[in-house]
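# What the coordinates show
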Amino acid sequence: MKSKVIILGLIFCYVLVVVPFSSYLKNRPVMLKLGYVPAGKVLRAIVGDQRYLTAEIYIVRVLFYFGELFGINRERVAVTPEYFNMYRTLENAVLLDPYNTDAYYFSQAAFTWELGRVREVNSMLKHGMKYRTWDYQLPFFVGFNSAFFLNDYQAAAEYMKRAAELSGNPLFTNLAARYFYEAGKTDFGIAFLETMAKSAHDRKLKRIYEVRIEALRAERFLAGAVDRFEKERGRMPESLRELVTSNLIEKIPLDPYGGRFYLDRSGKVRSTSKFAFRE
Amino acid sequence: MRLFLALTSVTLRGILRDRMLRAILGTVLLLILLVPVFSMFSMRQVQELAITITLSAISFFLLVMSLLLGSSSVWRDIERRYTSSILTLPVSRRAYILGKFSGIAIFIVCCGLFLFLVSVPVIMFAASSYPSDVPVHWLNIALAIGADILKYLLVAALALLFSTISTSFFLPFFATIAVYLAGSASQEVFEYVSGQFGTELQPASVAVIKGVYYILPNFSAFNLKVPAIYGLSHSPGGLALTTLYGVIYVVILLVLAIKIFSRRQLP
């Protein structure tokens, strides 16, 4: 009887502790969640032949963390992602396994648009190109980043050419130039994201692309309405609200990143979220 | 020869009777069967992750087996006075050490082959769910497991050597782990000191590091996982050299173990 009471008492104590404990674990700071990652060079020496598995574990941790954060942000809870820590973890992962395509793919998906770390991502992708010599996607990403973010069309053409040679698909050769001249920057971005979303297996990543496409489409929609307004009235609208009052559009679309669209001084459509999840 | 075969057979049967080893094998088998589920965590390289996890699980299992079996071989027999009774028979100490090692080696080789056969349908299943642009290179996977087997034969020989000078489990077990870790990292350290960093060090320190590099067994040479996972090509010359290196090193360790055991006073 006495031992039963003790066991029941212990179970009760456990239940009392486990709820706040799991809540603490769930909400602890990002640095603790992603954990400390030893420098890749040191880790390579320690983990020996298990380094490929270690690299994938790091990548999956980053992916899970980002996916979880993405879920939180969809409910409009403001949490600033620890991009630097994520990037560092992935950087170490590619030091452990320079062939791992998940790291390059995720860096391209998360750090270019969200963080604007295009040069760092390109440097990581170029590191991967030294190893994944058969993979056309890496030069394709570098080419896209060079054209879209850095406006370096010469480098873009060079990398798209390399992607074309590796894939046997001549489309890449003139992709950058064609989209820029015929469709414009936003359409180029949408086309790129649609290609990426189509080939993404992971649901979370697919969703990230879809949100970005949604944001760019809303931006393109508003920019088109601003152009029409300017043509009809011979002046720029004072605000996006004027597009609604002049019956050019029914309503201002929502920014999927939780921000609000506005017109900046130069007449360009922008969002307060800058198309990134942040506080 | 007959007695050597009998010793090998006794060692092998002793290993197969060990319930703890069976439990470890069961756990690794379960892990390999769960590979298709784990590999779904990858975004773009499901097949590659399936091969990575399978090879890692096999490598880890063989490491544990070679460490445990090698470390608990000779000293335990001495402690139980089993060697004293065996050596009253017309069995040389050399045949005793070689019989012990052969039993362990046969077990490691059979486990490696068995796990390879189990992993084939598992990898095929994972690869069929999300086909990769890189085809599965079965020969490379077999070579990676073969290199792992040779590596862990080397670890077992090392543990057996330490076991011949020890009177407890701790020295062979921890000394083998220490040499294994150092031998896995030695290539990285060697390349590091051979580069720019080496010019900033004292020449004597560089010479010592390089000397240690040549003495320690180079375990990183047996790591053929990248060609197996990403379908890269092998250098036949490199493979032959690695095999030769492994075999010669094992033979050296066994000769040393026989020498030490021959001089050891038994209770």
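Computed from a predicted structure; not experimentally measured.

Accessible area lost on assembly of the parts is the figure often given for the size of an interface. Contact residues are listed per partner, giving 28 residues for chain B and 28 residues for chain A. Summed over both partners, the interface of chain B with chain A buries about 2,500 Å², with 58% contributed by carbon and sulfur atoms. Among the residues chain B hides against chain A, the three largest losses belong to M43(B), R44(B) and Y230(B). Together they make up 33% of the total. Linking chain B with chain A are three salt bridges. Here K151(B) and D49(A) are joined by a salt bridge, their closest N and O atoms 2.9 Å apart. Counting across the interface, chain B meets chain A through ten residue pairs in polar contact (both at pLDDT 80 or more). For the side of chain B that touches chain A, the elements supplying multiple residues, two or more each, are α4 (46–71), α8 (138–165), α9 (170–194) and α12 (225–230) of chain B. Considering each element in turn, the side of chain B that touches chain A owes the most residues, six residues, to α4(B). Looking at the side of chain B that touches chain A residue by residue, the classes come out as 15 nonpolar, seven polar and six charged.

Quick look at the environment of R61(A) now. Assignment of secondary structure puts R61(A) in helix α4 (residues 51–74). Once the C-alpha coordinates of R61(A) and G189(A) are considered, the two residues, 128 residues apart in sequence, prove to be 28 Å apart.

A few words on unusual backbone geometry. All names here are of chain A. We note that N151 has phi near 55°; this positive angle belongs to a residue other than glycine. Examined against the element boundaries, N151 turns out to sit in the loop between α8 (137–148) and α9 (153–167). The exposure class of N151 is partly exposed, given its relative accessible area of 42%. A positive phi angle, near 60°, is found at N247, a position not held by glycine. Topologically, N247 is positioned in the loop between α13 (241–245) and β1 (261–263).

Across soluble globular proteins, you tend to see nonpolar side chains buried next to one another. Core analysis: the largest hydrophobic core is formed by 79 residues, its most contacted members being Y96(B) and F101(B). Per element, the largest residue contribution to this core is 16 residues, and it comes from α8(B). Y96(B) has contacts with L7(B), V74(B), D77(B), T83(B), I86(B), L87(B), V91(B) and F261(B), leaving out every residue within four places of it along the chain. One finds L43(A), L96(A), A197(A) and A215(A) within the second-largest nonpolar core, a separate group that totals 68 residues.

A word on a nonpolar patch on the surface. All names here are of chain B. On the surface, I165, L171, L244, I248, I252, L256 and I260 cluster together into a nonpolar patch covering about 600 Å² of accessible area. No other element matches the five residues that helix α13 (residues 236–263) contributes to the nonpolar patch. The residue L171 is located in helix α9 in this model. Among the residues examined, L171 registers a relative accessible area of 39% and is labelled partly exposed.

All told, the structure shown has twelve salt bridges over all chains when counted by the stated rule. One salt-bridge network, held together by shared partners, links D49(A), D148(B), K151(B) and K225(B).

Bringing the domain arrangement of chain A into the picture now. All names here are of chain A. If you check the domain split of chain A, you get domain 1 (27–132) and domain 2 (136–279). Opposite the 29 residues of domain 1 that make contact, domain 2 presents 36 residues. Here domain 1 meets domain 2 over a buried area of about 3,000 Å², counting both sides, of which 68% is carbon and sulfur. Counting every contact that joins domain 1 to domain 2 gives zero salt bridges. Inspection of the region where domain 1 meets domain 2 yields two residue pairs in polar contact (both at pLDDT 80 or more).

What follows deals with the packing of α9(B) against helix α11 (residues 203–215) of chain B. Residues and elements named next belong to chain B. Relative to each other, α9 and α11 sit at 150°, their axes nearing to 10 Å. By the angle class used here, α9 and α11 are roughly antiparallel. Between α9 and α11 lies a crossing whose hand is left-handed. For the pair α9 and α11, the contacting residues are S186, Q187, V189, F190, V193 and S194 in the first and V206, I209, K210, Y213 and Y214 in the second. Of the residues assigned to the contact of α9 with α11, the class counts are seven nonpolar, three polar and one charged.

Inspection of the secondary structure puts S59(B) in helix α4. Accessibility expressed as a relative area gives 1% for S59(B), which makes it buried. Apart from the residues lying within four places of it in its own chain, the contact partners of S59(B) are D49(A), Q50(A), D148(B), Y152(B) and K225(B).

Basis of the calculations
Residues numbered from 1 in each chain as written. Chains lettered and ligands numbered in written order. Predicted model: local features only at pLDDT ≥ 70, side-chain atom pairs only at ≥ 80, totals over all residues. Heavy atoms only, no water. Contact = heavy atoms within 4.5 Å. Buried area = accessible area lost by both parts, 1.4 Å probe. Salt bridge = Lys/Arg side-chain N within 4 Å of Asp/Glu carboxyl O. Polar contact = N/O pair within 3.5 Å; in protein donor to acceptor, adjacent residues only side chain to side chain. Helix = DSSP H or I, 4+ residues; strand = E, 2+ residues; numbered from the N terminus. Nonpolar A, V, L, I, M, F, W, Y, C, P; charged D, E, K, R; others polar. Buried < 20%, exposed > 50% of the residue type's maximum accessible area, 1.4 Å probe, protein only. Core = buried A, V, L, I, M, F, W, Y, C linked by side-chain atoms within 4.5 Å. Patch = residues over 30% accessible without salt bridge, like charges linked within 9 Å, V, L, I, M, F, W, Y side chains within 5 Å. Areas by Shrake-Rupley, 256 points an atom, 1.4 Å probe, with all protein chains shown as cover. Domains from an automatic or database assignment. Axes fitted to C-alpha atoms, helices over the stretch in contact; angles between N-to-C directions. Parallel < 35°, antiparallel > 145°, perpendicular 65-115°, else oblique. Left-handed = near helix turned anticlockwise from the far one by under 90°.

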